Amino acid sequence: MAALAEEQTEVAVKLEPEGPPTLLPPQAGDGAGEGSGSTPNNGPNGGGGNVAASSSASGDGGTPKPAVAVSAAAPAGAAPVPAAAAEAGAPHDRQTLLAVLQFLRQSNLREAEEALRREARLLEEAVAGSGAPGEVDGAGAEAASALLSRVTASAPGSAAPEPPGTGTSGATVISGSASGPAAPGKVGSVAVEDQPDVSAVLSAYNQQGDPTMYEEYYSGLKHFIECSLDCHRAELSQLFYPLFVHMYLELVYNQHENEAKSFFEKFHGDQECYYQDDLRVLSSLTKKEHMKGNETMLDFRTSKFVLRISRDSYQLLKRHLQEKQNNQIWNIVQEHLYIDIFDGMPRSKQQIDAMVGSLAGEAKREANKSKVFFGLLKEPEIEVPLDDEDEEGESEEGKPKKKKPKKDSIGSKSKKQDPNAPPQNRIPLPELKDSDKLDKIMNMKETTKRVRLGPDCLPSICFYTFLNAYQGLTAVDVTDDSSLIAGGFADSTVRVWSVTPKKLRSVKQASDLSLIDKESDDVLERIMDEKTASELKILYGHSGPVYGASFSPDRLWATDHYQPLRIFAGHLADVNCTRFHPNSNYVATGSADRTVRLWDVLNGNCVRIFTGHKGPIHSLTFSPNGRFLATGATDGRVLLWDIGHGLMVGELKGHTDTVCSLRFSRDGEILASGSMDNTVRLWDAIKAFEDLETDDFTTATGHINLPENSQELLLGTYMTKSTPVVHLHFTRRNLVLAAGAYSPQ
């Protein structure tokens, strides 16, 4: 018992008369208001049980913390009476209450003690008069002894959830049994439960009501929401999908197959169109045995579905469920949903639709409040030697040539320390080798010749078409200097082409290498075998389709370790694309769970979760200044994100199929998108980001008003004959290279 008392962090005690279950009135600063759902006292035995044990998690959805809700019942058949009257008319109940208060005081649970005293309207003298700490009279001692002796372990899921307003929420960590009416003064069992495993996840579906009433429960809530005011209807409609899924799974798990089939057929058409793929998977789960090995179902069960709702809408829902005593639905709200409540005006249908659609609902606001160092690192100081063409010669008139001044853009890298940049030594970067410095010098020279892009100066596009690609083109990449292009294929090969006059050569044999003077200036040229020069090289080694190809100019791989340096765990489905941040401190991942996550390379923490796509994400790109992220998915939409504030700031509509590739121009003024709809589209990135409003209220609630017509940002659409665009690349001079495999009709 001592161990249990140490772990208890919240205790809510409520005196209830015999009768139907009731809901506590809304409490100021309750747990739900801090971003969590809560549940009414709706055990199978109504108010006759003596313990309503609940589960609780910390406000940010972190480590679960135990919470106990204790209630004392009046004798069976007694009429409901106020707590104060019950105290005056029932001495035995009063002694039990005093014993509970004494127990709470001994356990140093002062807040719970004060809450119980206020609830029962007891005076301080009443407890003080019962004796010094540790001393109670005969009846009180007996009740306290019964309380201590009956605290035992119980099976998971054997208790009714807590009433709303007690300030607790989360996954089940404490369960209590209320098996029927008990004598006054006796308390049911309470147990602490570990984190749920697969069997515990499924066993939670044992808590189910009358299967014939599920359709009536759901229909009643649907009618209530559809008749609500417009400002509340949009927010409360978010409940339909997660409630539908969990109610269906409860029926299936408890082997009510006919009722489950009828429930699915009646209500699956009411769900949003972007959940249709999930509903197809759900429709295949028709028997209890199907659920045990289904990853989609387990993901949905183990990850609480997040709903972001205004406080007014939440209170409206709570009052409705109190009046209708719709216990089954409130059980699901408490057990399986995370209600992230905010103060202020409810969001509109447009604002909600922009953010929802992922496998686990929206991202919690807490998930996007970590500080992110999105600025760029200070560039190393390297002197750039002048070429002949760079030297300022004199014209025929004897006057020096003038160069046009170039203004700064959002993509330019500053030589000064960015205030938003991470500390220079946060991620230990290797020293620049001579070859690295030469490459940077070439890059800087190319930058001086870069074409300045904008709405009036669009880039040229060079398209590389893979003809007769019967091997199945699955991935493409281009080197940063645009000299090589590589393709990954379904036949396990990687093929590399030279796109410059310089051909690809193999290294000489070991016997020939031993004859080379290693101190010569052109040693890198001498080790190459001219006899093997060709435009194409085929690399073998994979035993399956190659879904990713990337040229690495640095020491991206740590060859002194065979274990991963970091594992970024959190996505609920396959990871389809990754992209490093320009400052190397973060990596972004896009997944089939319809979310984008930003990970801190230093510690492996997830610092941003972006939701809004309605399909698997297939493309990512950072703006050159590191502040923004663009993402593309199978829904054909391109979404723009402000990394620092963790907000969606733009939505680009126009593509009619999967967006496979995204790239910002080198100066950050143009965003190019390539799609399976055989088009390349160019967007005005400057205009998309110039008028952002990120005040405190917007950041706190996510009330982003996206432009209704993104066509104003579209600068051009370029179609291929029949070639899906798999890859895009901006050269150092801002020429666009595009690639894809010809697809005969």
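Everything numeric in this text was worked out from a predicted model, so none of it was measured. Every residue gets a number counted from 1 within its own chain, in the order that chain's sequence is written. Residue-level local features of this predicted model are given only where pLDDT is at least 70; pairs of side-chain atoms are given and counted only at 80 or more, and the full residue set underlies all totals for whole chains, interfaces and linings. For the side-chain quantities, the full set of heavy atoms in the structure was used; hydrogens and water were omitted.

> Any chance you could explain the overall build of the chain here in plain terms?
For the purposes of this entry, the term helix denotes a DSSP run of H or I that reaches at least four residues, the term strand denotes a run of E that reaches at least two, and both are numbered from the N terminus. Looking only at helices and strands, the chain features 22 helices and 27 strands. Think of it in three bands: with a 1.4 Å probe and only protein chains considered, a residue is buried below 20% of the maximum accessible area for its type, exposed above 50%, and partly exposed in between. Taking all 745 residues of the chain together, the buried fraction comes to 48%. Taking all contacts inside the chain whose residues are at least 6 apart in sequence as the whole, residues at least 24 apart take part in 69%. Computed with a 1.4 Å probe, the accessible areas rest on the Shrake-Rupley method; for each residue, only the protein chains presented here act as cover. Of the roughly 36900 Å² that the chain leaves accessible, carbon and sulfur atoms contribute 52%. Should any heavy atoms of two residues lie within 4.5 Å, those residues are counted as being in contact.

> Would you take a moment to explain the pattern of salt bridges for this structure?
Where charged atoms of side chains with opposite charge meet at close range, the side chains can pair. Throughout this description, the term salt bridge denotes a Lys or Arg side-chain nitrogen within 4 Å of a carboxyl oxygen of Asp or Glu. Within the structure shown, the criterion is met by 26 salt bridges. Among the ionic pairs, Asp230 bridges to Arg233, the shortest N-O distance being 2.7 Å. With Asp230 and Arg233 both in helix α9 (residues 230–236) and three residues apart, this pair spans about one turn of that helix. Residue classification places Arg233 among the partly exposed residues on the basis of a relative accessible area of 30%. As a salt-bridge pair, Arg365 and Asp340 come within 2.8 Å of each other at their nearest N and O atoms. Separated by 25 residues along the polypeptide, Arg365 in the loop between α17 (349–355) and α18 (434–448) and Asp340 in strand β6 (residues 337–342) bring together distant segments of the chain. Owing to a relative accessible area of 5%, Asp340 belongs among the buried residues under this scheme. A single network of salt bridges, built from pairs that share partners, joins Lys502, Arg505, Glu525 and Glu530.

> Would you mind showing me how to read unusual backbone geometry here?
Excluding glycine, a negative phi dihedral is what most residues carry, and trans is how most peptide bonds are arranged. Within the chain, Asn468 stands out as a residue other than glycine whose phi angle is a positive 50°. Here Asn468 shows up in the loop between β7 (461–466) and β8 (473–478). The phi angle at Ser482 is positive, at roughly 65°, despite the residue not being glycine. Assignment of secondary structure puts Ser482 in the loop between β8 and β9 (484–489). Residue Ser482 is classed as buried on the basis of its relative accessible area, which comes to 13%.

> How should the pairing of strand β20 (residues 638–642) be read in this particular structure?
Successive side chains on a regular strand alternate, one facing one side of the sheet and the next facing the other. The buried count for β20 comes to five of five residues, which makes it a mostly enclosed element. Burial along β20 is two-sided: the residues Val638, Leu640 and Asp642 and Leu639 and Trp641 are all buried. Summarising the sheet, strand β19 (residues 628–633) and β20 pair through five bridges and their orientation is antiparallel. Among the inter-strand pairings, Ala630 is bridged to a residue of β20, identified as Leu640. Strands are treated as partners if at least two bridges between them are detected by DSSP. In textbook terms, the turn of a hairpin is the stretch between consecutive antiparallel strands, and for β19 and β20 this stretch comprises four residues, one of which, Gly636, has a positive phi near 80°.

> Sorry, what's going on with the sheet that holds strand β15 (residues 586–591) here?
Paired through their backbone hydrogen bonds, the strands of a sheet run either parallel or antiparallel. Taking strand neighbours across the sheet as the criterion, the four strands line up as β14-β15-β16-β17 in an open arrangement whose pairing is antiparallel. In this open sheet, the two edge strands, each paired with only one partner strand, are β14 (575–580) and β17 (606–611). In this sheet, adjacent strand axes meet at a mean angle of 20° when their direction is disregarded. Direction of pairing for strand β16 (residues 595–600) relative to β17: antiparallel, over a ladder of five bridges. Bridging from a neighbouring strand, Val596 pairs with Phe610 of β17. Note on geometry: axes are C-alpha line fits, over the in-contact stretch for helices, and angles between N-to-C directions span 0 to 180 degrees.

> Would you take a moment to explain helix α11 (residues 257–267) for this structure?
Given 3.6 residues per helical turn, the α-helix brings residues three or four places apart onto the same face. Looking at α11, one finds that the buried residues are Ala260, Phe263, Phe264 and Phe267. Along the long axis of α11, the arc covered by the buried residues comes to 95°, so they all point the same way. Relative to its buried face, α11 has exposed residues pointing more than 90 degrees away, namely Asn258, Lys261 and Glu265. The arc under discussion is defined with respect to the helix axis, by the directions toward the C-beta atoms.

> In this structure, what is going on with helix α10 (residues 240–253)? I would like to understand it.
A helix is expected to span 1.5 Å for every residue after the first. Counted at 1.5 Å a residue, the expected span for α10 with its 14 residues is 20 Å, and the 20 Å between its end C-alpha atoms agrees. Most of α10 sits inside the fold, with 14 of its 14 residues counted as buried.

> What is the right way to read a nonpolar patch on the surface from this model?
To count toward a patch, a residue needs a relative accessible area over 30% and no salt bridge; like charges are then connected within 9 Å, while nonpolar side chains (Val, Leu, Ile, Met, Phe, Trp, Tyr) are connected within 5 Å. There is a patch of nonpolar side chains on the surface, built from Leu536, Ile538 and Tyr540 and spanning about 300 Å² of accessible area. Within the secondary structure, Ile538 is located in strand β13 (residues 536–539). When its relative accessible area of 31% is taken as the criterion, Ile538 is described as partly exposed.

> Just checking my understanding: could you explain the packing of aromatic side chains for this structure?
Note on aromatic pairs: each is described by the distance of the centres and the angle between the planes. Each pair of aromatic rings taken from Phe, Tyr and Trp, with Trp reduced to its six-membered ring, is defined by centres within 6.5 Å and is described as stacked if the planes are under 30 degrees apart, edge-to-face if over 60, and tilted in the remaining cases. On inspection of all chains with the given rule, the structure shows 19 aromatic pairs. With a centroid separation of 6.3 Å and 40° between ring planes, the pair formed by Tyr314 and Trp330 is classed as tilted. Linking Tyr314 in helix α15 (residues 311–324) with Trp330 in helix α16 (residues 327–336), this pair joins segments that are 16 residues apart in sequence. No difference in accessibility class separates Tyr314 from Trp330, as the two residues are buried. Summarising the aromatic geometry, the rings of Phe610 and Trp641 are spaced 4.6 Å apart at their centres and angled 20° between planes, so their arrangement reads as stacked. Of this pair, Phe610 sits in strand β17 while Trp641 sits in strand β20, placing them 31 residues apart in sequence. Assigned by exposure class, Phe610 and Trp641 land together as buried. Grouped by ring-pair contacts, the aromatic residues Tyr218, Phe240, Phe244, Tyr248, Phe263, Phe264 and Phe267 constitute a single cluster. When the NZ atom of lysine or the CZ atom of arginine is within 6 Å of a ring's centre and also within 35 degrees of its normal, the charge is said to sit over that ring. Over the ring of Tyr253 we find Lys288, and its NZ or CZ is 4.5 Å from the ring centre. Directly above the ring of Tyr274 sits Lys614, whose terminal nitrogen or CZ lies 5.3 Å from the centroid.

> Whenever I open this one, the nonpolar core confuses me. Can you help?
Buried together is how nonpolar side chains tend to be arranged in soluble globular proteins. Take the buried residues of types Ala, Val, Leu, Ile, Met, Phe, Trp, Tyr and Cys, join any two whose side-chain atoms come within 4.5 Å, and each joined set is a nonpolar core. If you look at the biggest cluster of nonpolar residues, it comprises 45 residues, and the most contacted ones within it are Tyr218, Leu239, Leu243, Phe244, Tyr248, Phe263 and Leu282. Of all the elements, α10 adds the most residues to this core, at eleven residues. For Leu282, the contacting residues outside a window of four places in its chain are Phe244, Val245, Tyr248, Leu249 and Phe264. Residues Val372, Tyr586, Phe610 and Trp641 belong to the second largest nonpolar core, which totals 21 residues.

> Can you help me understand the environment of Leu251 in this one?
By secondary structure assignment, the location of Leu251 is in helix α10. Judged by its relative accessible area of 0%, Leu251 is buried. Considered as a pair, Leu251 and Lys288 are 37 residues apart in the sequence and their alpha carbons are 9.1 Å apart. Ignoring anything within four residues of it in the chain, the contact list for Leu251 reads Pro211, Tyr214, His256, Glu259, Ala260 and Phe263.

> Looking at this structure, I do not really get the sheet that holds β7. What am I missing?
Sheet architecture is open: three strands sit in the order β7-β27-β26, paired in mixed fashion. The sheet is open, and its two borders are formed by β7 and β26 (727–730), each paired with just one other strand. Looking at each pair of strands side by side, their axes are set apart by 20° on average, direction ignored. In this structure, β26 lies alongside strand β27 (residues 736–741), joined through four bridges in antiparallel fashion. Of the residues in β27, the one forming a bridge with His729 is Leu737.

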